[in-house]
Amino acid sequence: MERAIIHVDMDAFYASVEQRDYPIYKNKPIAVGGSPSARGVVCAASYEARKFGVRSAMPSKKAQQLCPNLIFVPPRMDKYIEVSKEIHKIFEQYSDWIEPISIDEAFLDVTGKDAVKVAQEIKKRIKNEIGLTASIGISMNKYLAKLASDYNKPDGFKVIKKEEIEKFLGPLPVRKIWGVGPKTERELNKLGLYRIKDVLKYDKMILIEKFGKKGLEIFNYAKGKDDRLVENKHKRKTIGEENTFPKDTCDMNVLKKTILDHCHILVHRLKKSKLLIKTVTVKIKYEDFSIITRSITLPQYTQELQQIYGAAESILLHKVNTENKIRLLGVQVSNILYPDEPMQLEMKIDNTFYMK
């Protein structure tokens, strides 16, 4: 039986929620994120703002230059999470196999069902019950379904049938191949490969020789092949908090307070989800934009503030250079133990941190 995969991608999710909840923003260019005066970054932009070139992850100052009438709206993560859960409740009525990719997109495996009918119902219900639009793609695998959902956003709906794969993929730029980022795209361009159809005409063995295992993946994706399953549980490997300071600093009091604030938030999230962690990482971006990370692995799994902050503070005091001014400071926790996973019993010899 041929697989039937649906990819649902919400349209400008954060910005659309704000426009839904506050009609004053409707049909106006808005950016969810920090203000230019606070050296903020755009988290999401409405489609009205995207017409001016405003994009997510763009410095707010640059966004305002591109769109002088841009309205900056502070993010409401609790609200976005709440709406995301409402959307997933709709998904759960159509499939037991759902793989969240992020807060605003997911794959559904509906093999054996009328995929088009299911997708149409999901799209209609998101619009009527949630008040938002979603772009939906349908095909025989995850890669093609995701490409389909991106085909005619916003509010798009696209089906890629088996017999249409080569015609659909051929004209697309190689950056549309799953896993091809800017660096790999440049390398492919050097070989004269600009479109997916160019890859199909190229010698597969040369791709493998140049890129290794990834070369074979590139070739297979160019043919529309993707055997990955929709995974029912998407477990994060890291959880983190970070912020950019209004002004670069090396004030230890400010740095320690920031670390503590991040740890408080992380501990709250860990306890809420009943997670344990074993590795703590501090991330620093200096005033020259260079980035370093340093980690400590604890002797036992934990979710307690004292242990997590203790590790982060130890990194700050002993493992990084705090004499140079710091632009961004973050804390990440990893080596995560989920509630349904077994925990090996360990002997606690002392309270010494194991340094990584």
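Each value, and the rule that gives it
Each chain carries its own residue numbering, running from 1 in the written order of its sequence. Confidence filtering applies because this is a predicted model: local features only for residues at pLDDT of at least 70, side-chain atom pairs given and counted only at 80 or more, and all residues used for totals across whole chains, interfaces and linings. To get the side-chain values, take all heavy atoms of the structure and skip hydrogens and water. Salt bridge, as used here, is a side-chain nitrogen of Lys or Arg placed within 4 Å of a carboxyl oxygen of Asp or Glu. Helix and strand definitions follow DSSP, with helices as H or I runs of at least four residues and strands as E runs of at least two, each counted in order from the N terminus. Residue exposure (1.4 Å probe, protein chains only): buried if accessible area is under 20% of the type maximum, exposed if over 50%, otherwise partly exposed. Whether two aromatic rings pair depends on their centres lying within 6.5 Å, for rings of Phe, Tyr and Trp, where Trp uses its six-membered ring; planes under 30 degrees apart make the pair stacked, over 60 edge-to-face, and the rest tilted. Charges are assigned to positions over rings by a cutoff of 6 Å between ring centre and Lys NZ or Arg CZ, combined with an angular limit of 35 degrees from the ring normal.

Novice: When you look at the pattern of salt bridges in this model, what are you seeing that I'm missing?
Specialist: A side chain of one charge can pair with a side chain of the opposite charge if their charged atoms are brought near each other. Counted under the stated rule, the structure contains 20 salt bridges. Here E18 ties to R76 by a salt bridge, and the two come within 3.0 Å at their closest N and O atoms. Within this pair, whereas E18 is found in helix α1 (residues 13-21), its partner R76 is found in the loop between β4 (71-73) and α4 (77-91), the two being separated by 58 residues in sequence. Since its relative accessible area comes to 24%, R76 is described here as partly exposed. The residue R76 makes a salt bridge to D21 at a minimum N-O spacing of 2.9 Å. With R76 in the loop between β4 and α4 and D21 in helix α1, this pair connects stretches of sequence that are 55 residues apart. Taking the relative accessible area as the measure of exposure, D21 reaches 27% and is therefore partly exposed. Here the residues in one salt-bridge network are E18, R20, D21 and R76, joined through shared partners.

Novice: Looking at this structure, how should I read unusual backbone geometry?
Specialist: Most peptide bonds are trans, and most residues other than glycine sit at a negative phi. Note the cis peptide between K153 and P154, where omega equals -5°. As for its placement among the helices and strands, P154 is situated in the loop between α6 (142-149) and β8 (157-159). Phi is positive for N27, which is not a glycine, with a value near 65°. Checked against the element boundaries, N27 lands in the loop between α1 and β2 (30-33). The phi dihedral of A57 falls on the positive side, at around 75°, and the residue is not glycine. What makes A57 exposed here is its relative accessible area of 63%.

Novice: Which parts of the structure should I look at to understand the environment of P23?
Specialist: Note on placement: P23 falls in the loop between α1 and β2. Note: C-alpha distance between P23 and R76 (53 residues apart in sequence) is 16 Å.

Novice: Can you walk me through the packing of aromatic side chains in this structure?
Specialist: To describe a pair of aromatic rings, one takes the distance between the centres and the angle between the planes. Using the criterion set out here, one finds eight aromatic pairs in the structure. For the pair F13 and Y14, a centre-to-centre distance of 6.0 Å together with 50° between the ring planes defines the contact as tilted. In this structure, F13 and Y14 share a single accessibility class: buried. Each ring, one from Y143 and one from W178, has its centre 6.5 Å from the other, and the planes form 75°; the classification is edge-to-face. Linking Y143 in helix α6 with W178 in the loop between α7 (165-169) and α8 (182-190), this pair joins segments that are 35 residues apart in sequence. We classify Y143 as buried; its relative accessible area is 1%. Through a chain of ring-to-ring contacts, three or more aromatic side chains come together here, namely F107, Y143, W178 and Y221. Over the ring of Y47 we find R50; its NZ or CZ atom is 4.4 Å from the centre of that ring. A cation over an aromatic ring shows up here: R228 above the ring of W178, its NZ or CZ 3.8 Å from the ring centre.

In short, shape yes, function no, at least from these values alone.
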